[in-house]
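Working through the structure, step by step
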Amino acid sequence: MGNNRSKIPKKELDDYRTLTFLTEQEILKVYERFCQLVAINHQNTDISQCRLSKKQAVNINELYQNPFRERIVEVFSSERDGSITFEDFLDMMSVFSAKAPKSVKVSYAFKIYQGIYKGPRPDGESATPDAIDLYDIKEIVRRLSGEKFSDEDLTRIAEAVISEVDLRDEKKITVEIFEYFLSNVPDFASSFVIPLSDGKEDRHVTATTSVLSDPVEPRTKHRSRPKQ
Amino acid sequence: MASTTHRRHHHHHHDHRRRKDSSSSEEIDSMKLDSIPSRASAHQSVVISLPSAERERKTVDESSLLKIIKKKRRKEWAKIVAPVDGNSIKKTKESITAKFTKLFPTIPSPIQFLLNSIENRHGFTIRSYFQFIVWLFYLNMFTFLLSFSCIIMPTYIYPNSIDYSSYAMDQYYQTTGSSKDNTSDGICTLSDPRCALLDKPISDNYSDISGTCINNTFTASSCCSSLTHSYFVNTSRDAENVWTEFLVDLIDGTGVLSVNRLFIGYYQNLTKTAKNDSYVQTYNMGLAVFLTTFACLLITGIIIVRKFGNGMRRSYVQSESFENNLFQYIFARWDYRSVDGIIAHRHANRFRTEIRNIFFERSEKVNFKFDNAKDQIIFQLKRVCVWLMTIVIFGGAVTILYFTNRFTFQRRAEKESKGGELRSGRFEDMLVEYLPSIVVSVINLTSQLIFYFMKDFKLYTQTTAVRHYLIRVIIMRLLLLFTFVFIVILQITCNSHQCGRQSELISCVEIQGKATFIHCWETLIGQVIYRLVLTDTAVMLIIHLIVDPIRHLIRRCCFAERVVEEDGITMKVHAPPSTWFLFQPLEFEVGDYVLDLTYTQTLCWHGLLFCPFLPLIAAVKNIIIFAVKSLSLAVFRRRSPLELSPARARFIFTSVLLFSFVWALLPIAFFATSLRPSRGCGPFRLYSHEPDFYIYYSVRNLFTQVQNRILVKLLFKLTSAVVIVPLVLILILLSCILFIRRNSYRAASVELYKLLYSSRKTHQLAVKTAPMVSAHF
């Protein structure tokens, strides 16, 4: 695997360095890690063709214990099916690196937390597309507490959270509220970091390569957020 | 035709603009997966080809902002939120100071490894406590390094140095030609200060005090030096040979250690002369001591204030109550770095406990609302009673300490007035000397237990009760220390010994019957603080190494196992019913331990002027504390379920340290400016011929070397009260202003947020009405 280092041309490395918050060393490490994950055996396989399927991505060592891992994979994936390419992975590691500015982390945190609840809603309510609503908060608390709270506890907690920060009485948390209150938390930037693991405990990822045969048009997930 | 050319122009124009846009905003370019940049066109930036977007360009004339919004590539998104251009995303060169400040707290790897393992097992607050210990260790080592190189090392460099006044007297005798040796019948009297000390016995006849030696200002310091030295030597003769005596002396701080480098009484101006007396070099030890202490305290103060200021910056935009709200617990509590399954499981348990605590506290506040006025009044009266009880406890502690100290000092005065020969048992002496320190520790412990018990009175919410408890404990300790120092000062100023006489600050009515004879008050204070530090260490060791195991064993074998549900895990724990609070499972109380640490550090700062080795002792104590506490954590104590959040913990540590530091400055300032140095010991003995000399005059005397008399007068005026008092007032005013500003910043921040929120809303509306292209993306 060591000679994969020469696989990224210098120009590309420079561009990656410009576009992400990582140094060259770190980009190479991410590259090696990704190769490890997709278990490339041939040296001639184009890395740009390899993807991690959603199921595999959710189980990698860095994300395995994270209660929000599916949502993280969905946010960073550029495909409809939630699979991760190398650049998605690089993007993820860049945002979760220590050098990413707090505002970037906060906005990604919002994207992760918003829309996390995928279950049924009563009375045919539709999901609020640009804000964290009651159901999302209930889902977050449910996952964080190890699924031990009862439903009415969850509702009580969610309502308490919203009433704390809701300045406009809208029963949901919009992105500005979220960013404002979260940027005041001093430890947030240092805890919103995922270090690259060395792969020794990658017991959950199956070793099959997932190489797609046809190049797919990159698409961003549809999010109706017309604001900046 | 015209239309097609027009269209071509239009298309060309669009193309051109697109190219310009893309080159000027290269940070929003992204990469397509199937076009590696090496095959790109001659753009210096990355390839942009967006075949899908081109169709839209032709139809709609849109701003670049809308383009960004519509394209919405993930990587562009990052740049929008953090609108910096590509050049500044490249690594910013850290300034030298930033690199240096990053270097300073980098802890070498074994300690870092230890801290990480502590964090993994016990959480962040406990890890930050141990990190605090390590930080204090480095601070102490730095202080010791400074004092070693400036104060202690010169005594090794200048061996066999004589006192400058002896040298001067030699010269005087030489020039006047009078006889050097005027001893008669083998006994040295105080009239002849140049008796060789250990060869000839010296007469302690105090009626001889009115002799010429002491009144002669130039010989006074030599007289007193020899007298003091002989007194101390007499009391330490045994220890040079027998190691048990030496050990006892080491614990006691007297005896052989009195004339040791440990205490400042040993130090004097150092003179090196060439063989033929043609060359004299003096190291001004007094100036060195004063300046080194001043520099150490200044640097320490700056470091602490900087550390405190980092936490203050955050508190400018949020009030402390914000940190305990639910929003942070839901959205910012999960640490994405954790990859260990056990930690995640523990985290879930902790999360539930914390949420439950928050809700419990909110419901507690409801309990404090009463319907009728009578209940309300009774409730407030109860609160007032609790505080009155606190004040009574403080008063009682201070009185007990005062009487204990007085007893000890009177005992010592009796001993000294009999010339040091009444040695009523070495151990009894030591016990008497240690009595005040032991009393201080005992009072601290009992009052801590009482305050802990008072915490459960249900008169305040839980966090407020904990805060009050910490405040009470720290005030008690500092108050006791203050009383101690005050009584020592009282004894010193009532000194009736010729060689150490002070101007009377307070009437010595209490003590006049048995006057104290203190040869060397600097060494006395050094000894007192040394004993306090040792007592504190001994008490901590006893509690952790003896009392804890005993309690643990009693708990295990005398109380039956009960099934206890904790944090959702049912486990079997030996625990008595909750009323037996002495035998409950022991907890690692981070707040208490931090107060202990700052108490030691305060002692170290108090004694810095009088015992140059004290920072080293404090550093060694830090190591001992680290080892003992981690052992205790691993075996006997478990983590407390009610814990501070990390930022709050850091804020508390540094603010307590800052408060203690400011408190410690007061006695030092007093000592340096209001007490005359003793004539027989210490680095300032040389100047004691002046009637009006204080320690800080050693700096002022530097100014006299300036030739210009007007400048000298001006400098003297600057350091007098005329300037200092208004300066202090201005500083107080400035702190009030800063406090008010902080509160107004918070209010302004909330207003700004509201403004921003409403303005963003309008922007959002405007963008919504812009023509949206079909959802091709």
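Here the structure is a predicted model, which means the values were calculated and not measured.

Let us look at the overall build of chain A. When helices and strands are counted, chain A shows ten helices and four strands. Going from the N terminus to the C terminus, chain A shows its helices and strands as α-α-β-α-α-β-α-α-β-α-α-β-α-α. Here chain A, with 228 residues, has 55% of them falling under the buried criterion. For chain A, restricting intrachain contacts to residue pairs at least 6 apart in sequence, the fraction spanning at least 24 positions comes to 64%. Carbon and sulfur atoms make up 50% of the accessible area of chain A, which totals about 9,800 Å².

Right, let's talk about the overall build of chain B for a bit. Per the secondary structure count, chain B includes 25 helices and six strands. Residue burial in chain B is summarised as follows: out of 777 residues, 45% are buried. Within chain B, counting contacts between residues at least 6 apart in sequence, those at least 24 apart form 72% of the total. Total accessible area computed for chain B in this model is approximately 40,900 Å², and 65% of it derives from carbon and sulfur atoms.

All chains considered together, the criterion is met by 38 aromatic pairs over all chains. Ring centres of Tyr113 of chain A and Phe178 of chain A lie 6.1 Å apart, and the angle between their planes is 65°; this geometry places the pair in the edge-to-face category. Here Tyr113 of chain A, found in helix H6 (residues 102-113), pairs with Phe178 of chain A, found in helix H9 (residues 175-183); they are 65 residues apart in sequence, far enough to count as distant. Exposure remark for Phe178 of chain A: the relative accessible area of 0% places this residue in the buried category. An aromatic cluster is present here, built from Tyr16, Tyr31, Phe34, Phe86 and Phe89 of chain A joined pairwise through their rings. Sitting above the plane of the Trp387 of chain B ring, Arg472 of chain B keeps its charged end 4.4 Å from the centroid. The ring centre of Tyr599 of chain B lies 5.5 Å from the NZ or CZ of Arg477 of chain B, which sits over that ring.

As a further point, take the pattern of salt bridges. Taken as a whole and judged by the stated rule, the model has 18 salt bridges over all chains. The shortest N-O distance in the salt bridge between Arg33 of chain A and Glu62 of chain A comes to 3.0 Å. Residue Arg33 of chain A is found in helix H2 (residues 24-38), and its partner Glu62 of chain A is found in the loop between helix H3 (54-58) and helix H4 (69-76); the two are separated by 29 residues along the sequence. Residues Arg33 of chain A and Glu62 of chain A agree in their burial class; the two are buried. The shortest N-O distance in the salt bridge between Arg477 of chain B and Asp596 of chain B comes to 2.7 Å.

On to helix H19 (residues 521-558) of chain B, then. Along its 38 residues, H19 of chain B runs 53 Å from first to last C-alpha, staying within 8% of the 56 Å computed at 1.5 Å per residue. Along H19 of chain B, the largest kink reaches about 35° and is centred on Val547 of chain B; proline Pro549 of chain B follows within four residues of it.

Interfaces are often described in size by the accessible area the parts lose on coming together. All names here are of chain A. Considered domain by domain, chain A is made up of domain 1 (2-98 + 200-222) and domain 2 (106-189). With eleven residues of domain 1 at the contact, the number on the domain 2 side is eleven residues. For the pair domain 1 and domain 2, the summed buried surface comes to about 940 Å²; carbon and sulfur atoms form 69% of the total. If you look at where domain 1 meets domain 2, you find one salt bridge. A salt bridge links Arg143 to Glu70; the nearest nitrogen and oxygen atoms lie 3.5 Å apart.

Let us now look at the packing of helix H12 (residues 243-252) of chain B against helix H17 (residues 426-454) of chain B. All names here are of chain B. Relative orientation of the contacting elements H12 and H17 amounts to 15°, with a least axis distance of 10 Å. Classified by the angle between their axes, H12 and H17 sit roughly parallel to one another. Here the hand of the crossing between H12 and H17 comes out left-handed. Where H12 approaches H17, its residues Glu245, Val248, Asp249, Ile251 and Asp252 are matched on the opposing element by Arg426, Phe427, Met430, Glu433 and Tyr434. Residues that form the contact of H12 with H17 fall into these classes: five nonpolar, no polar and five charged.

All names here are of chain B. Within the UniProt annotation, "transmembrane region" (unreviewed entry) is assigned to residues 132-157, 285-305, 384-403, 434-453, 474-493, 605-628, 649-670 and 718-740. In residues 132-157, the share of helix is 100% and the share of strand is 0%. The end C-alpha atoms are 36 Å apart. End C-alpha atoms of residues 474-493 are separated by 29 Å, and the span's content is 100% helix alongside 0% strand.

Attention shifts here to the UniProt feature "domain: EF-hand" (unreviewed entry) in chain A. Mapped onto this structure's residue numbering, the UniProt feature "domain: EF-hand" (unreviewed entry) falls at residues 64-99 of chain A. Overall, residues 64-99 of chain A shows 50% helix and 6% strand. The separation of its end C-alpha atoms is 23 Å.

A few words now on the side chain of His544 of chain B. Residue and element names in this part refer to chain B. With respect to the helices and strands, the residue His544 is situated in helix H19. One polar contact links His544 to Lys629, side chain to side chain, over a distance of 2.9 Å. With sequence-adjacent residues up to four places away left out, His544 is seen in contact with Pro549, Tyr593, Val628, Lys629, Ser632, Phe636 and Arg637.

Further remarks concern a nonpolar patch on the surface. All names here are of chain B. A cluster of nonpolar side chains, contributed by Leu718, Val722, Val723, Ile724, Val725, Val728, Leu729 and Ile732, occupies part of the molecular surface with about 680 Å² of accessible area. Counting residues per element, the nonpolar patch draws most heavily on helix H25 (residues 721-769), which supplies seven residues. By relative accessible area, which is 41% here, Ile724 ends up partly exposed.

Residues and elements named next belong to chain B. Those residues of H12 not exposed but buried are Val248, Asp249 and Asp252. Projection of H12 onto a plane perpendicular to its axis shows the buried side chains occupying an angular sector of 100°, all on one side. Along its buried surface, H12 packs onto H17 and H19.

Before going further, it helps to examine the side chain of Thr143 of chain B. All names here are of chain B. As for its position among the elements, Thr143 is in helix H8 (residues 124-157). Since its relative accessible area comes to 6%, Thr143 is described here as buried. Setting aside residues up to four positions removed in sequence, Thr143 forms contacts with Cys296, Thr300, Leu608 and Pro615.

A word on the environment of Pro67 of chain A. Within the secondary structure, Pro67 of chain A is located in the loop between H3 and H4. Between the C-alpha atom of Pro67 of chain A and that of Gly146 of chain A, which follows or precedes it by 79 residues, the distance is 8.8 Å. Discounting chain neighbours no more than four positions away, the residues touching Pro67 of chain A are Arg143 and Leu144 of chain A together with Trp334 of chain B.

This part is about the confidence of the model for chain A. Residue and element names in this part refer to chain A. Counting all residues, the mean pLDDT for chain A is 75, and 79% of those residues have values of 70 or more. In the model, residues 1-5 has pLDDT below 50 throughout and makes nine contacts with residues more than four positions away in sequence or in other chains. Contacts of residues 206-228 to residues separated by more than four positions or lying in other chains number 50 contacts, the stretch itself having pLDDT below 50.

Residue and element names in this part refer to chain B. For chain B, the mean per-residue pLDDT works out to 71, and 60% of the residues sit at or above 70. Ranking the elements of chain B by mean pLDDT puts helix H2 (residues 51-59) last, at 39, and helix H21 (residues 614-635) first, at 92. Taken as a whole, residues 1-62 scores under 50 in pLDDT and shows 62 contacts with residues more than four places along the chain or in a different chain. Reported for the predicted complex are a pTM of 0.71 and an ipTM of 0.77.

The biggest cluster of nonpolar side chains holds 104 residues, and the ones touching the most others in it are Tyr129, Phe130 and Trp521 of chain B. Other than its neighbours up to four places away in sequence, Trp521 of chain B contacts Ile492, Gln502, Phe610, Phe671, Leu675, Arg676, Pro677, Ser678 and Ile695 of chain B. If you look at the next biggest cluster of nonpolar residues, it comprises 78 residues, including Val30, Cys35, Ile132 and Val161 of chain A.

Procedures and definitions
Residues numbered from 1 in each chain as written. Chains lettered and ligands numbered in written order. Predicted model: local features only at pLDDT ≥ 70, side-chain atom pairs only at ≥ 80, totals over all residues. Heavy atoms only, no water. Helix = DSSP H or I, 4+ residues; strand = E, 2+ residues; numbered from the N terminus. Buried < 20%, exposed > 50% of the residue type's maximum accessible area, 1.4 Å probe, protein only. Contact = heavy atoms within 4.5 Å. Areas by Shrake-Rupley, 256 points an atom, 1.4 Å probe, with all protein chains shown as cover. Phe/Tyr/Trp six-rings, centres within 6.5 Å; stacked < 30°, edge-to-face > 60°. Lys NZ or Arg CZ within 6 Å of the ring centre and 35° of its normal. Salt bridge = Lys/Arg side-chain N within 4 Å of Asp/Glu carboxyl O. Expected span 1.5 Å × (residues − 1). Bend = angle between axes of the 7 residues up to and from the residue. Domains from an automatic or database assignment. Buried area = accessible area lost by both parts, 1.4 Å probe. Axes fitted to C-alpha atoms, helices over the stretch in contact; angles between N-to-C directions. Parallel < 35°, antiparallel > 145°, perpendicular 65-115°, else oblique. Left-handed = near helix turned anticlockwise from the far one by under 90°. Nonpolar A, V, L, I, M, F, W, Y, C, P; charged D, E, K, R; others polar. UniProt positions renumbered as here; feature names shortened; annotations may be inferred. Polar contact = N/O pair within 3.5 Å; in protein donor to acceptor, adjacent residues only side chain to side chain. Patch = residues over 30% accessible without salt bridge, like charges linked within 9 Å, V, L, I, M, F, W, Y side chains within 5 Å. Arc of directions from axis to C-beta. pLDDT = per-residue confidence, 0-100. Core = buried A, V, L, I, M, F, W, Y, C linked by side-chain atoms within 4.5 Å.

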